[in-house]
Structures are given as structure tokens and as C-alpha cells.
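Commentary on secondary and tertiary structure
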Amino acid sequence: MSQAAVRLENITKRFGSVVANSGVTLDINKGEILALLGENGSGKTTLMNMLSGIYYPDEGRIFIDDKEVKISSPKVAFELGIGMVHQHFKLVDVLTATENIILGLEGRLNKKEAREKIKEICDKYGFDINPDQKIYDMSVSQKQTVEIVKVLYRGAKILILDEPTAVLTPQEAEKLFNVMRNMKEDGKALVIITHKMHEVESISDRVAVLRKGEYVGSMMTKDTNAAEMTNMMVGRTVSLNIRRPKPVNPRPRIRVEGLTVRNIEGIEKLKDVSFTANSGEILGIAGISGCGQKELLESIAGLQIAEKGSIKYISDDGNEEELLGNDPRRIEELGVALSFVPEDRLGMGLVGNMDLADNMMLRSFRNGKSVFTDRGTPHKLAEKVVDDLEVVTPGIETPVRRLSGGNVQKILVGREISHAPTVLLTAYAVRGLDINSSYTIYDLINEQKEKGVAVIFVGEDLDVLLEISDKILVLCAGEVSGIVEAEKTDKNEVGLMMTKVMQKDTSHAVTLKKD
Amino acid sequence: MIDIVAFIPRAIGQSVPLLLGCSGEILTEKSGNLNLGIPGVMYVGGISGVIGSFFYEQACVNKEMNPLLAILIPLLCSLVGSFIMGMIYCILTVSLRANQNVTGLAMTTFGVGIGNFFGGSLIKLSGADVPSIALSRTSGYFSKALPFAANLGWFGKIFLSYGFLCYLSFIIAIIAALVLYKTRAGLHLRAVGESPSTADAAGINVSKYKYVATCVGCMIAGLGGLYYVMDYASGVWSNDAFGDRGWLAIALVIFSIWNPLIGIFAAILFGGLYIVYLYIPTGMDYMEFKELYKMIPYVVTLFVLVLTSMRNKRENQPPASLGLSYFREER
């Protein structure tokens, strides 16, 4: 009757007292790309994990080709032709592409035969990988290719891609979309989870929306638009424009000259980087992840040893102070605040097992005169951050690791901002956050900018970078490939600059040096 | 001058318990389990064999022992003893997700205690005047070398003068390497140790691999304890005699960068270092130097640890999830 490859009926999944999915009914059709939308914690990944056998639903039924099935393990999922490409790649670093692809299969180990089959799949869909390359030698997009080939190798008819473009450049994403279209032509059913609206519009045929674990509805992509989809996700009207107030009285605050940094293996992570960040401006930093963004911010915060170059802090009265080689504590006193959201979200900045108040205290434990720490002030600050930023938490005494990603990030950014910085360094502040939480963070950053703080904003989403920044510095393999005015450039240009170092004197590239 | 022909067989004899412990621990660690209980497991492997053979010898006081039974009974007892140790470790760390380091250290204390407790009991039972039990009849079967070895001069002495457990230890190491690098089970095992969530998503039963690898690893290591008592020590069990060989075996795992084939050479090297003090002539005036020579294996271990931690090659690093428990639904 229907051409549904998968039908989910009344699926419910709970984790302890938390309901991740409740009564979700959803069809996934053959030869169709379905975009699954929802805020963080709306249960998209959980739902898809139940299809791929990672979780088992508490209630509900799953049909594949109109036959009821029980997907009790990933193995069963493979046998049913379901393959999932996870947001965090499930690959073993020290094994080769081939070894990773055949991992978990039965029978005699025959790598030669496997290699040939992999070649065949690559030719069919237009992939390009070396089967004998070790995973740790691969770029992010190559790793993703291995993941997709792995799924196809097992003969998957239903493919689920969880935020596949989060780690790709626009060009790489376009390549992936082409492959996805090839697979669609081939009659496969595809599901893509993404936060990026323009991708939904360009790749998907149909959109299904989840909100707080419940299925809200689905519609054909061509009949809808970004605003409508967002409203469905959030449940109320949301403005999709990021404010960009005009910089007021910008003055140089941080001047970086010829900065070169090597990592512990002696590889150059930053090469002769020079720029100036002004007060009251947002300097966006674009680049493929791992191109030196982390090293740059850490150098400014005094956490990196630089090989050569200088970083000058220029205070309001014109005094200059060298930050390189300076004590991180002194740099902190100058008002340089660093909020870095690493890939695992916790890590730098917050201690997962400590509660909200204690995490606030990480910044202020030196204050106070007695031998005992002052616990009252951080407690009040934690309450304030929770109130101001609408952090969803059972209480101030909850360990941070129990909160969802968005709330963790709000606490980190909230704490850094509360110390009235003069320079705010923020990296991936909205990493993995849904639209609603992202906008809260953008507003916070804009507020700081209007207060005259020099903001350095390292971002992943080019659309956001283009909207929020005043200027964008593009890093490519540790080199500055250009600094452009955000208003006068577009995604394509920045995307190209991310992949190769361009001539610095192109028509609308300007240097940041101001007289 | 060191007497090479006398030294090498002693060094190889010393290396056997180290190699068995090392091969067993490599298999275990490849599954992501850091079993620091290996010294205890080796004690239990030893004492279990001793208990088995003690009662068999008692049963045959006045009659001929069956050679096959004399070997099989201690062997099976030893395997069962160390298997139980492996199961306890797995239940605690894999099923109940207890901390591996703490569990391992507790297992070592526990295993040594068990060994000394039953060792002490047996010594009481046997009514010996010295604090040890001699199972020389059983040991005769364990340490039986090839009959023609004695006629072949130095060649026979260096290559053919050992009991069967010694050859078995080398065969086990080679088989372990083949399994790890040439079979699908080995590929899966390495994947489990590197990234259990990946292995799980690929449809591999992570707990099963951890259980099997750890228990088999323990049984192999337990044989090391058995070899020590039955062959190396000529069937004499005395409490605490096994010493710190278990810890050296764990250090060897790092030295051999998780490769059982390298483990063979590393074990022989360490076996030699362990007894080299007996063969360096010091003269009667400088006996205290002997104590310094005894330190050599430990100094080398420290040195090797420093060296290995400086290596950058990814293949030579410990399994990435070593020491971590895995829980599929952890969020």
C-alpha cells in the first residue's frame, strides 16, 4: 500500500524520570530525504538511536516494509538494512578504513575482497577514500565518508545522518548533498538531522518536527519556510534575525603581530598571524575546525606558549601591555575572559561533577580575606545566571554534568560575562545548541559588544558568523587567509578562503589596522 | 666471566612466568580491561595447581602416579582457579562497572592472601618441619625435558632442556598474536578496547568480548604461577616465594607495546635481568653489589616507562579505552 520504508508507531522512551520520546508516530519513505527537526533535547537523536538499535523503546511498535520488527541491537538494525551515521563518529582511530568498514561482520577475515567491494561502492556513489588509510590520518570529511561507506557496505536501505554537516565546510557539505541525492535516486530512504535551516530547505523533500519528545507534524519542504519550521520547533514565534548593532567608538584593544605557535609535536598551528581586535566590535573567526582557533584564543588568554610574535593589550588610556609570556592570572585581571566550548562541551572551563555555585567559584575563589572561601557570592551569582539566562536546572546544587548541553553553555558564558570583561574570547559558544538557546547566547554577546567589550567570536556556522560579526578573520591551516568585512562578503567567498590562503589584497578584503 | 650455557636456560626459565603473565594481560588490556589483579591471579593459578597435585600425591602415597593425571589435575585446577579470578574481576568491572584500578589492586591483595592461606594450610597438613611443601613427584612430570636433550651438549641445554609449559608459553604468545592481528575476533577485540561504543554500534557484543578476553587472559597468566611452582621451583611451594613477577609481567605489557611477539623477547630479556646478579662475579668482599644488581629489572622498567611515554606513534599507544567501563545508555 504505502511506500513507507519505516513506520514508527507510538514510540516512547524514558531515561529514568526523563521522557525523551513520547508517543511518536512517523513514516520514513523510500526514495525520499526526510529532515528531522527539533530543539536540543527534543529527542531526535534518541528516536533515531532506537531505529539503529542503540536504545530500545519502552513502548510502541516499529514496522519495516510493513512488517513489525524488534530492533534489539545494532546488529539487528544492520540486518534490517538500517544504517546510522552518528554525530560523533563511531570509528576506531588506529584501524584502517577497510578494517573499520568490516568491523562487526561475520565470517572469515578477507581484507582483499572487502577492499574491492569498498572500491565498488565508492565508484557507484562518487566517494573518494583510500581503504588502507588509518582513520587518525584522515580529515573530518574523509572520516564521515568512511562512516557512510560502512553503512552502505552492509547493504543499508535506510540511512540516518545525525548532524552530518556540523563539521564540514560549505563545499564539503555540498559534495555530501550530491552523494545523498545519488542515494535517493537509488531508492534509499534517508533521514537527516540538522539545525541549519538552509540545509533543510536545499536537501530535504519532507520535514518532520519534534518538540519536547513529541511529534508535532510533518510537511513537504517546498510548501514551507524557515520561519514556519522554527515556530513549529519552538512552539512560538521566534525572530530569526541576529541583531548587529553598529560598533560605537571602536578602539584597538588587542593587537596581535606575527604570532607563531607550535604544538607539542612541533607542528606549526599558527603561522605569522596578525590582526587587531577593536573594542565594541565582534571579530568573527572562521575556519575548518583545528585550524588554529584554539591556539589563537589560548595564546591571548596566556595558556599557550608562542614561538614568536607579540600580543599587546591596549587599555583605554593608551597603555600597552604584552600578553605573551604573561601570567594567565594577570591577563585575567586585565579583563580578558575566555569561554571555550570544546567538542565534549565540558572540559575547559567547567567541572562536570561540581555544582553550579562551585563552578561559579572557579573564577572567584581567590577573593575574600579570610582563610575560608566565600561561598555566598558565587551562590548568588549562580542564581542570577540561572534567572537571567533561563537555565533549566533542578537547582543550584546540581552537578553541571547532569544539565543538557545548552544549559551548560549558558552557565559558562554567563559566568565569563559576569566578570565584566574587556575582552571576551568565545569559541563555539552555540555548539550543538538549538535555535532558541543559540539566540539567547547571541543576544548576550551583542550586549557585551554594546558595552564596549572587544569580542572574538570563533564560530562554526558561516551563516551565523556572517550575521553577527563586524569583521571576519579567516584561518586556513594556521595562517590568516584574509580579513573581510562581514557585510560585504558572502558564504562562498569565506568558504573558499577557509580552504586556501588567498591573496590578501583582493577587492573587498580589508586589513583591520585602523588609524 | 658469565657462563652463557648455564645462564641462558635459567634466564628462559625465569622468563616463562613473565611471558605467560604478559600474554594474558595483553589479551585482557586489548579488551580495554586494565587488570592489575594479574599478580594475584598468578598466585591463585599457582596455589590451585599445588592444591590439586597435593591431594593427588597424597592419594598415591604408596603407589605409582599416573603421569597423565599428575599433569592434568594440577593443570585443570590452576585453570579453574584463575578462571574464577577472571570472572570475579569481570563481574565487578564489566557488569557492575566498578573502578578497574581499585578492583585490580584488591584482586592482587586477595589472590596473594588466598595463596598464602591455602599454602599455610597445606604446610600444616603435610606436617613438614620447613615452611614449604615439596611436590617433587608432580614436579618431575612438569619439568620433564625431551629425553635426548642431555646428549646434545650445549644445544640441548639451551633449546631442549625445558618442561612442556615453557614451550607452551611461547606457543601461546604466538597464537595470541595471530588471533589479535589475523582474525576477525582479534579485529573485534581490538575495536572493543579502542572504542567500545564504536564496536557496540557495529554490532559487536562488547561485554562478551571483555569477559572472554579477560578470563582467557587470567587463565594464561595463572599458568605462569603453575609453571613457577611446578617447574622452576621444582615443586616447592613456600609462601610469598613467587615475589613480584606479576608486576613485572604488567610492566612487560607496556614494554612490548601490546604485541605478544615482542613480549617473547622482552620476557627473555627481563628473565635474564632478573637473575643476572647470580652470574656476575663480585667476589666475597663486595657482596653488597649483588643487591644493586637485583635492582636492574626495576630500573630498566622505570626507564622503559619513560621511553614508551615519549613515543608518538598511534599504534604503539595503549588501547584508547583502557581502564574505562562501558555503559551503552550513558548520556
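On a predicted model such as this, the values are computed, not experimentally measured, just so you know.

**A short note on the nonpolar core**
Counting 156 residues, the largest nonpolar core has A:Val149, A:Leu190, A:Val191, B:Tyr227 and B:Leu252 as its most contacted members. Per element, the largest residue contribution to this core is 17 residues, and it comes from helix H10 (residues 206-232) of chain B. Apart from residues no more than four positions distant in its own chain, B:Leu252 is found in contact with B:Leu18, B:Cys22, B:Gly263, B:Ala266, B:Ala267 and B:Phe270. Judged by nonpolar contacts, the second largest core, of 75 residues, contains A:Ile311, A:Leu381, A:Val423 and A:Val453.

**Considerations on the interface of chain A and chain B**
Of the residues lining the interface, 20 residues belong to chain A; the matching set on chain B comes to 23 residues. In terms of residue count, the dominant contributor to the side of chain A that touches chain B is helix H2 (residues 74-79) of chain A (3 residues). A per-class count over the side of chain A that touches chain B returns 12 nonpolar, 3 polar and 5 charged.

**Side note on helix H5 (residues 140-153) of chain A**
Residue and element names in this part refer to chain A. In this model H5 runs 20 Å from its N-terminal to its C-terminal C-alpha over 14 residues, within 8% of the 20 Å that 1.5 Å per residue would give. For H5, the buried fraction is high: 10 of the 14 residues fall into the buried class. For H5, the full list of buried residues reads Gln144, Thr145, Val146, Glu147, Ile148, Val149, Lys150, Val151, Leu152 and Tyr153. In this fold, the buried residues of H5 make contact with strand S6 (82-85), helix H3 (97-101), helix H4 (111-125) and strand S7 (158-162).

**Thoughts on helix H9 (residues 293-300) of chain A**
Residue and element names in this part refer to chain A. The buried count for H9 comes to 8 of 8 residues, which makes it a mostly enclosed element. Along H9, the residues that are buried comprise Gln293, Lys294, Glu295, Leu296, Leu297, Glu298, Ser299 and Ile300. Two residues or fewer past H9, Gly302 is found with a positive phi of approximately 85 degrees.

**Notes on the sheet that holds strand S4 (residues 59-64) of chain A**
Residue and element names in this part refer to chain A. In spatial order, the strands read S2-S1-S4-S5; together these 4 strands make up an open sheet with antiparallel pairing. On the outer flanks of this sheet lie strand S2 (18-29) and strand S5 (67-69), each paired with one strand and no other. Sheet twist, expressed as the average angle between the axes of neighbouring strands with direction ignored, equals 25 degrees. Pairing geometry for S4 and S5, over 3 bridges, is antiparallel. In the sheet register, Ile64 faces S5, and the bridge partner there is Lys67. The strands touched by helix H1 (residues 44-51) are strand S1 (4-15) and S2; relative to S1, the strand with the most contacts, the crossing angle is about 115 degrees.

**Overview of the environment of B:Ser238**
All names here are of chain B. As for its position among the elements, Ser238 is in the loop between strand S2 (236-237) and helix H11 (245-255). With 107 residues separating them in the primary sequence, Ser238 and Pro131 have C-alpha atoms 6.3 Å apart. The residues contacting Ser238, other than those within four sequence positions of it, are Pro131 and Ser132.

**A word on the domain arrangement of chain A**
All names here are of chain A. According to the domain assignment, chain A consists of domain 1 (4-234), domain 2 (251-335 + 420-515) and domain 3 (350-416). Taking only C-alpha atoms into account, the centre of domain 2 sits 27 Å from that of domain 3. Contacts between the two partners involve 11 residues from domain 2 and, on the opposite side, 8 residues from domain 3. Breaking the side of domain 2 that touches domain 3 down by element, the ones donating at least two residues are strand S17 (423-427) and helix H14 (435-450). Element by element, the count of residues in the side of domain 2 that touches domain 3 is highest for H14, at 4 residues. Considering only residue class, the side of domain 2 that touches domain 3 consists of 6 nonpolar, 4 polar and 1 charged.

**Some words on the sheet that holds S6(A)**
All names here are of chain A. Strand order in this open sheet of 6 strands is S6-S7-S8-S3-S9-S10, and the pairing throughout is mixed. With partners counted over all chains shown, the strands left at the sheet margins are S6 and strand S10 (214-220), one partner each. Strand-to-strand twist of the sheet, defined as the mean angle between neighbouring strand axes without regard to direction, takes the value 20 degrees. Relative to strand S8 (residues 189-193), strand S3 (residues 32-37) runs parallel, the two sharing 5 bridges. Counterpart to Glu32 in the pairing with S8 is Ala189. H5 rests against S6 and S7 of the sheet, and its axis sits at about 175 degrees to S6. Strands in contact with helix H8 (residues 226-234) are S3, strand S9 (206-211) and S10; relative to S9, the strand with the most contacts, it is inclined by about 30 degrees.

**With respect to the pairing of strand S14 (residues 308-314) of chain A**
If a strand is regular, its side chains alternate between the two faces of the sheet. All names here are of chain A. When strand S11 (residues 252-262) meets S14, the two strands line up antiparallel, connected through 5 bridges. Across the sheet, residue Val256 finds its bridge partner in S14, namely Ile311. Two strands pair when backbone bridges link them, and S14 and strand S15 (residues 320-322) are joined in this way by 3 bridges, in the antiparallel orientation. For Tyr313, the partnering residue across the bridge sits in S15 and is Glu321. Counted between consecutive antiparallel strands, the loop separating S14 from S15 contains 5 residues, among which Gly318 sits at a positive phi close to 90 degrees.

**What about the pairing of S2(A)?**
All names here are of chain A. Bridge count between S1 and S2: 8 bridges; the pairing is antiparallel. What sits directly across from Ile11, in S2, is Val24. Taken together, S1 and the strand that follows it, S2, pair antiparallel across an intervening segment of 2 residues, in which Gly16 is found at a positive phi of about 60 degrees.

**Quick look at the packing of helix H8 (residues 184-194) of chain B against H10(B)**
Residue and element names in this part refer to chain B. Here H8 crosses H10 at 105 degrees, and the two axes come no closer than 10 Å. Judged on the interaxial angle alone, H10 and H8 are roughly perpendicular. Residues His188, Leu189 and Val192 of H8 touch H10, and the partners they reach there are Val206, Tyr209, Lys210 and Ala213. Split by residue class, the contact of H8 with H10 holds 5 nonpolar, 1 polar and 1 charged.

**Some thoughts on the packing of helix H1 (residues 4-30) of chain B against helix H7 (residues 164-182) of chain B**
Residue and element names in this part refer to chain B. Axis separation between H1 and H7 bottoms out at 9 Å; the angle between their running directions is 25 degrees. With respect to H7, the axis of H1 lies roughly parallel. Note on packing geometry: the crossing formed by H1 with H7 is left-handed. The residues of H7 that touch H1, namely those facing Ile12, Val16, Leu19, Leu20, Ser23, Ile26, Leu27 and Lys30, are Leu165, Cys166, Ser169, Ile172, Ala173, Ala176 and Leu180.

Reading the values: the criteria
Residues numbered from 1 in each chain as written. Chains lettered and ligands numbered in written order. Predicted model: local features only at pLDDT ≥ 70, side-chain atom pairs only at ≥ 80, totals over all residues. Core = buried A, V, L, I, M, F, W, Y, C linked by C-beta atoms within 7 Å. Buried ≥ 20, exposed ≤ 12 C-beta atoms within 10 Å, placed from the backbone. Helix = DSSP H or I, 4+ residues; strand = E, 2+ residues; numbered from the N terminus. Contact = placed C-beta atoms within 7 Å. Nonpolar A, V, L, I, M, F, W, Y, C, P; charged D, E, K, R; others polar. Expected span 1.5 Å × (residues − 1). Pairing = 2+ DSSP bridges. Axes fitted to C-alpha atoms, helices over the stretch in contact; angles between N-to-C directions. Domains from an automatic or database assignment. Parallel < 35°, antiparallel > 145°, perpendicular 65-115°, else oblique. Left-handed = near helix turned anticlockwise from the far one by under 90°.

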